[in-house]
Amino acid sequence: MRKYGIMKAEIGELLLILGAGLFVAGAIGFIAGYLSQEQIPAIAVFALIFIGAGASKKRRRI
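Quick look at the structure, then. None of the values given here were measured: they were computed from a predicted structure. (Residues numbered from 1 in each chain as written. Predicted model: local features only at pLDDT ≥ 70, side-chain atom pairs only at ≥ 80, totals over all residues. Heavy atoms only, no water.)

### Some remarks on the overall build of the protein chain
Counted only if it meets this: Helix and strand definitions here come from DSSP, where helices need a minimum of 4 consecutive H or I residues and strands a minimum of 2 consecutive E residues; each element is numbered from the N-terminal end. For each residue, the accessible area found with a 1.4 Å probe, counting protein chains only, is set against the maximum for its type, and the residue is called buried under 20%, exposed over 50%, and partly exposed in between. Note on contacts: a residue pair qualifies if any of its non-hydrogen atoms lie within 4.5 Å across the two residues. The accessible surface values rely on the Shrake-Rupley method and a 1.4 Å probe; as for residues, cover is taken only from the protein chains in view.
Broken down by element type, the protein chain carries two helices and zero strands. By the burial criterion, 16% of the 62 residues in the protein chain qualify as buried. Here the contacts in the protein chain between residues at least 6 apart in sequence split such that 82% fall between residues at least 24 apart. By element, 71% of the accessible surface of the protein chain is carried by carbon and sulfur atoms, the whole surface being about 4,800 Å².

Structural data, given as structure tokens:
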């Protein structure tokens, strides 16, 4: 049972890193002018979903 909790925390950490990377890439793309106005909210939503899911998985340790 402990191995499952450690694996769940590692998945949570990967989701946090993915969400943070997506957020930073979206911010850089917006500042550089590579993204259109329609793409920015979608990237932000996915970044927040990944960060929220990663934080909730990392917080719960069984």
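Having seen the structure, we can now continue with the description.
### A short note on the environment of Pro 41
Mapped onto the fold, Pro 41 is located in helix 2 (residues 39-59). Residue class for Pro 41 comes out partly exposed when judged on its relative accessible area of 47%. Along the backbone, Pro 41 and Gly 26 are 15 residues apart, and their C-alpha atoms lie at a distance of 9.4 Å.

### Some remarks on the environment of Ile 11
For Ile 11, the position within the fold is in helix 1 (residues 2-32). Classification of Ile 11 by relative accessible area gives partly exposed; the value is 40%. With 42 residues separating them along the chain, Ile 11 and Ala 53 place their C-alpha atoms 9.7 Å apart.

### Examining a nonpolar patch on the surface
Let me state the cut-off plainly: The patch calculation keeps residues exceeding 30% relative accessible area without a salt bridge and links them within 9 Å when they carry like charges or within 5 Å when they are nonpolar (Val, Leu, Ile, Met, Phe, Trp, Tyr). Within this document, salt bridges are pairs made up of a side-chain nitrogen of Lys or Arg and a carboxyl oxygen of Asp or Glu, the two lying within 4 Å of each other.
Taken together, Phe 23, Val 24 and Ile 28 make up a surface patch of nonpolar side chains, about 310 Å² in accessible area. With respect to the helices, strands and loops of the structure, Phe 23 is situated in helix 1.

### Details of the environment of Ile 43
On the secondary structure map, Ile 43 appears in helix 2. Note: C-alpha distance between Ile 43 and Ala 27 (16 residues apart in sequence) is 9.4 Å.

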